[in-house]
Amino acid sequence: MRQSSGLVRSLAFLVLLVFLGGCASHLPPLEDIDYEEDPDYIIGPGDNVNIFVWGQPELSMSVPVRPDGRITTPLIEDVQAANKTPTELARDMEEVLQVYVRDPVVTVIVTGFRGPYDQQIRVVGEAANPQAIPYNEHMTLLDVMIAVGGMTEFAAGNRASIVRKVNGETEQYQVRLDDLIRDGDIEANAPVYPGDILIIPESWF
């Protein structure tokens, strides 16, 4: 009975994989999606930010964003940096510094990019090195695949898909990784957005 039950579960799982794989071909192709401009970079814990205060070298420095999302600089303690753009953080710091400095002008430059976790690109399944990677401006599928070392020999690249939040709704799009990576079809390349999840399934055989 146990062997029979296990066989039924295995067959059911196989049918589910076949069903999901078949559905992938009916998803809208990612390369056909119309894109808006690249979103502004959002600072996250683990980023390093260079703070420049015009005419105030003693207030200018490079500091890490702590796990709690805050930074500390001279005259400014525990200012929230995570989940803000560099420009937003600069304006917030100017507002605080006005108490101590006349007409402060602050510039924030981010280095050591990581970004908030929910803004990173997550790659799961049959990637050579599945992981979450920071989003960079103008990032594409090809950039993502280079970062994760390509696909395994068991990957079904043309059944891969991108899961993305669009206007608060979860959407899923087909991507053609085999065509892009193994056949060099550059038309299969497409932009990726912060928070995208790339799912690479295993081949059936």
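Scroll up to find the structure.
Just so we're clear, the structure is a prediction, and the values are computed from it rather than from any experiment. (Residues numbered from 1 in each chain as written. Predicted model: local features only at pLDDT ≥ 70, side-chain atom pairs only at ≥ 80, totals over all residues. Heavy atoms only, no water.)

Chemist: Describe in detail unusual backbone geometry, supporting the description with residues and values.
Modeler: Working note: non-glycine residues mostly have negative phi, and peptide bonds are mostly trans. Phi angles above zero are rare outside glycine, and L75 is one such case at about 75°. With respect to the element layout, L75 can be found in the loop between strand 3 (70–73) and strand 4 (76–80). L75 sits in the partly exposed class, given a relative accessible area of 42%. Here the phi dihedral of N167 falls at roughly 55°; this positive angle occurs in a residue that is not glycine. Here N167 is to be found in the loop between strand 8 (161–166) and strand 9 (169–174). (Helix = DSSP H or I, 4+ residues; strand = E, 2+ residues; numbered from the N terminus. Buried < 20%, exposed > 50% of the residue type's maximum accessible area, 1.4 Å probe, protein only.)

Chemist: Give me the pattern of salt bridges: which residues, what numbers.
Modeler: Under the defined criterion, the tally for this structure stands at 8 salt bridges. R164 is the salt-bridge partner of D196, the closest N and O atoms lying 2.7 Å from each other. With D196 in the loop between helix 4 (177–182) and strand 10 (197–200) and R164 in strand 8, this pair connects stretches of sequence that are 32 residues apart. The same class applies to D196 as to R164, namely buried. The partner of R182 in a salt bridge is D178, and the shortest N-O contact between them spans 2.8 Å. (Salt bridge = Lys/Arg side-chain N within 4 Å of Asp/Glu carboxyl O.)

Chemist: If you had to explain the nonpolar core to someone new, which residues and values would you point to?
Modeler: In terms of nonpolar packing, the biggest core is built from 24 residues, with L141, V144, V175, L177, L198 and I200 touching the most fellow members. Looking at which element gives the most residues to this core, the answer is helix 3 (residues 141–147), with 3 residues. Each residue touching L177, except ones within four places of it in the same chain, is listed here: L141, M145, M151, G157, N158, A160, R182, L198 and I200. Counting 19 residues, the second largest nonpolar core, distinct from the first, contains I43, L59, I76 and V106. (Core = buried A, V, L, I, M, F, W, Y, C linked by side-chain atoms within 4.5 Å. Contact = heavy atoms within 4.5 Å.)

Chemist: Account for the environment of A190, naming residues and giving values.
Modeler: Note that A190 resides in the loop between helix 4 and strand 10. A190 sits in the buried class, given a relative accessible area of 3%. It is 8.0 Å that separates the C-alpha atoms of A190 and L142, two residues lying 48 residues apart in sequence.

Chemist: Describe the sheet that holds strand 9, and please don't skip the residues or the numbers.
Modeler: Reading across from one edge, 7-6-10-8-9 is the order of the 5 strands in this open sheet, with mixed pairing throughout. Two strands in the sheet have a free side with no partner beyond their single neighbour: strand 7 (131–133) and strand 9. In this sheet, adjacent strand axes meet at a mean angle of 20° when their direction is disregarded. Pairing analysis gives 3 bridges linking strand 8 to strand 10, with the strands arranged antiparallel. Bridging from a neighbouring strand, S161 pairs with I199 of strand 10. (Pairing = 2+ DSSP bridges. Axes fitted to C-alpha atoms, helices over the stretch in contact; angles between N-to-C directions.)

Chemist: Go over a nonpolar patch on the surface, please, and point to the residues and values.
Modeler: Among the surface-exposed residues, L75, V96, V99 and Y100 lie close enough to one another that they form a single nonpolar patch of about 390 Å² accessible area. Note on placement: Y100 falls in the loop between helix 2 (86–97) and strand 5 (106–111). (Patch = residues over 30% accessible without salt bridge, like charges linked within 9 Å, V, L, I, M, F, W, Y side chains within 5 Å. Areas by Shrake-Rupley, 256 points an atom, 1.4 Å probe, with all protein chains shown as cover.)

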